[in-house]
Amino acid sequence: MTIGLNSCDNLTQKEFFDKIVYDEYHSNYEGIVTNKYIDKHNHARPIIIIRHQIFGDKEMDFFFQSSKLFDIINIGDTITKENKSLSINLKRKNLDTIIKLDFDNIKGKEKYYSENKYLTGN
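Residues numbered from 1 in each chain as written. Predicted model: local features only at pLDDT ≥ 70, side-chain atom pairs only at ≥ 80, totals over all residues. Heavy atoms only, no water.

### Digging into the overall build of the protein
Heads up, the condition is: Runs of E in the DSSP output that reach at least two residues are strands. Runs of H or I that reach at least four are helices, and both are numbered from the N terminus. Radius of gyration: C-alpha atoms only; globule rule: 2.2 Å multiplied by the number of residues to the exponent 0.38. Under the scheme applied here, a residue whose accessible area is under 20% of the maximum for its type counts as buried, over 50% as exposed, and between as partly exposed, the area being computed with a 1.4 Å probe on protein chains only. His residues and chain termini do not enter the charge count, which takes Lys and Arg as positive and Asp and Glu as negative. One atom stands in for each charge, and that atom is NZ of Lys, CZ of Arg, CG of Asp or CD of Glu.
Looking only at helices and strands, the protein has 4 helices and 6 strands in total. Tracing the protein from N to C terminus, the helices and strands come up as α-β-β-β-α-β-β-β-α-α. Over its C-alpha atoms the protein spans a radius of gyration of 14 Å, differing by no more than 12% from the 14 Å that the globule rule assigns to 122 residues. With the principal axes as the frame, the protein shows a C-alpha extent of 40 × 35 × 25 Å. Counting all 122 residues of the protein, 39% fall into the buried class. Separation of charge centres in the protein, based on 18 positive and 18 negative side chains, amounts to 2 Å.

Shown next as structure tokens:
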């Protein structure tokens, strides 16, 4: 998922936060992590490539999440995120865990988090 910051220039910071949460809440993905890197040419975004058996490779951009999420995901992990959820299921040989998305890398997160129905209802 790649989100263009320019398309959100006319939104207030709260609307921007709510849009990012909404988009992530309604997204779904599943696959094995085949690569991860920091895209130095695009605002140092943390990118994870996942490979789905049928749909092929998908580039995931976790720019709006805490850097801890990028750090914990390893090449070879299986990650799954269902639609209408803000959690990622991460599996590897000796680990099966659920990670709640935190949106820590969005300005004003502390202010808007408690006002977002997707974050307070989950």
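### Focus on the pairing of strand S1 (residues 29-39)
Using the following cut-off: Only when DSSP finds a minimum of two bridges between them are two strands counted as paired.
When S1 meets strand S4 (residues 78-81), the two strands line up antiparallel, connected through 4 bridges. Looking at S4, one finds that Glu30 is bridged to Thr80. As judged from the 7 bridges shared by S1 and strand S2 (residues 45-52), these two strands associate in the antiparallel manner. The partner of Ile38 across the bridge, within S2, is Pro46. Hairpin connection, S1 to S2: the antiparallel pair is bridged by 5 residues, and His43 has positive phi, about 60°.

### Here we look at unusual backbone geometry
Trans peptide bonds make up the majority, and among non-glycine residues the majority have a negative phi. Even without a glycine there, the phi angle at His43 is positive, about 60°. Mapped onto the elements, His43 comes out in the loop between S1 and S2. Although it is not a glycine, Lys84 sits at a positive phi angle of roughly 65°. By secondary structure assignment, the location of Lys84 is in the loop between S4 and strand S5 (87-92).

### Brief notes about the pairing of S5
Consecutive residues of a regular strand have side chains that alternate between opposite faces of the sheet. The pairing of S4 with S5 spans 3 bridges and is classified as antiparallel. Within S5, the residue paired with Thr80 across the bridge is Asn89. Linking two consecutive strands that pair antiparallel, namely S4 and S5, is a turn of 5 residues; a positive phi of about 65° is found at Lys84 within it. Bridging between S5 and strand S6 (residues 95-100) involves 6 bridges; their strand directions are antiparallel. From the neighbouring strand, Leu90 faces S6, where its bridge partner is Thr97. Counting the residues between successive antiparallel strands, the hairpin from S5 to S6 contains 2 residues.

### Some points on the pattern of salt bridges
Heads up, the rule is: A side-chain nitrogen of Lys or Arg and a carboxyl oxygen of Asp or Glu constitute a salt bridge if their distance falls within 4 Å.
Applying the stated criterion across every chain, the model contains 7 salt bridges. Between Lys19 and Asp23 there is a salt bridge; the shortest N-O distance is 2.7 Å. Of this pair, Lys19 and Asp23 both sit in helix H1 (residues 13-25), 4 residues apart, which is roughly one turn of that helix. We classify Lys19 as partly exposed; its relative accessible area is 32%. Close ionic contact of Arg45 with Asp61 constitutes a salt bridge, the shortest N to O distance being 2.8 Å. One end of the pair, Arg45, is in strand S2; the other, Asp61, is in strand S3 (residues 56-61), and 16 residues separate them in sequence. Across the pair, Asp61 and Arg45 agree in class, each one buried. Taken together, the salt bridges that share partners define one network made up of Lys14, Asp18 and Glu115.

Functional significance is not addressed by these values, which are geometric in nature.
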